[in-house]
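Observations on the model geometry
Spelled out, the chains give:
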Amino acid sequence: MGSRLKVLGSTTSTQDEARALAEDGAPEGTLVIAEEQTGGKGRLGRKWFSPAGKGVWMSLILRPNQPLQDTPQLTLLAGVAVCRAVRKMTGLDAGIKWPNDLLVDRRKICGILLESAAEEEHVRYCIVGIGISVNLDETDYPPELQGVATSLKIASGTTVDRTQLIAAVMVEFETLYELYCSQGFQPIASLWEALSVTLGESVTIKNIYGDEVHGVAAGISAAGALLVDMGDGRQVPVFSGDVELKR
Ligand code: BTN
């Protein structure tokens, strides 16, 4: 993982750079990193704040031999990889909010965006986009993100070496991806559950159309969906949306 590297100064989005490389046949494990993104993309069509020199903005090309419907599993795998790397490097008590937000002190420090290309419902490639807010100060954030987002520096009180963090994430990713390719999703789901701040909580999940599901987050399905216990004996699988933890 990361043995082929493209390092950019400023770019619109590492997702777009990685997609162009993947379409040109770049092998699995190719990593694109940028100092700054001028059009960073988040989930559900949102923008991702990616200022110069302050974060890890990167996209990894994967070529898993699997049906398209299994790709949510890779989002969860990526969350576990980043969470483990952050915990090891900073000692912070980072947890994962389904599906892919890394939280410290209930504030977001990392987001993951998985985009896939498929042919006849079989994956051609996936681009795993990882954005980690590393050395941002409170004043770097635009008003709408203050109090919602945080950074490793704000949470730990020290500057974090971004190169070492990228290497740590790649080591974790490679270990977990090998496990996933050899033993399937179950061991990854168990690791995800152990790091989750969502399971056992009362949640409201809104999807892109504004539909809401209310219940208790009960577990992860075999496909990587969040199972929501509706309180009437039904467990509903939810594949995408935003979780609001009710505490
Ligand atoms: C989210 O939480 O909404 C996902 C954010 C993903 C951001 C990363 S930064 C690197 C890569 N390039 C992008 O444009 N987005 C992802």
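This is a predicted model, so every value here is computed, not measured. (Residues numbered from 1 in each chain as written. Predicted model: local features only at pLDDT ≥ 70, side-chain atom pairs only at ≥ 80, totals over all residues.)

**Here we look at the domain arrangement of the chain**
Domain annotation of the chain identifies domain 1 (5-195) and domain 2 (202-245). Here the C-alpha centre of domain 2 lies 22 Å away from the C-alpha centre of domain 1. With 14 residues of domain 1 at the contact, the number on the domain 2 side is 11 residues. Within the residue set of the side of domain 1 that touches domain 2, elements represented by two or more residues are α2 (72-90) and α5 (186-195). Among the elements that take part in the side of domain 1 that touches domain 2, α2 stands out by supplying 4 residues, more than any other. Looking at the side of domain 1 that touches domain 2, its residues break down into 8 nonpolar, 3 polar and 3 charged. (Domains from an automatic or database assignment. Contact = placed C-beta atoms within 7 Å. Helix = DSSP H or I, 4+ residues; strand = E, 2+ residues; numbered from the N terminus. Nonpolar A, V, L, I, M, F, W, Y, C, P; charged D, E, K, R; others polar.)

**Let's talk about the sheet that holds strand β5 (residues 101-104)**
Read across the open sheet, the 7 strands follow the order β1-β2-β3-β7-β6-β5-β4; overall the sheet is mixed. Looking at which strands have only one partner, the edges of the open sheet turn out to be β1 (5-11) and β4 (95-97). Adjacent strand axes in the sheet meet at a mean angle of 20° when their direction is disregarded. Where strand β3 (residues 55-62) meets strand β7 (residues 122-133), 8 bridges bridge the pair, whose relative direction is antiparallel. By the bridge assignment, G55 is partnered in β7 with S133. Against the sheet, helix α1 (residues 14-23) engages β1, β2 (31-37), β3, β6 (107-119) and β7, with an angle of about 25° to β3. (Pairing = 2+ DSSP bridges. Axes fitted to C-alpha atoms, helices over the stretch in contact; angles between N-to-C directions.)

**Quick word on the site of the ligand**
In the vicinity of the ligand lie 21 residues, with S13, G42, G111, G129 and G131 positioned nearest. The set of elements that each furnish at least two residues to the shell around the ligand consists of α1, β3, β6 and β7. Looking at the shell around the ligand, its residues break down into 6 nonpolar, 11 polar and 4 charged. (Near = placed C-beta within 6 Å.)

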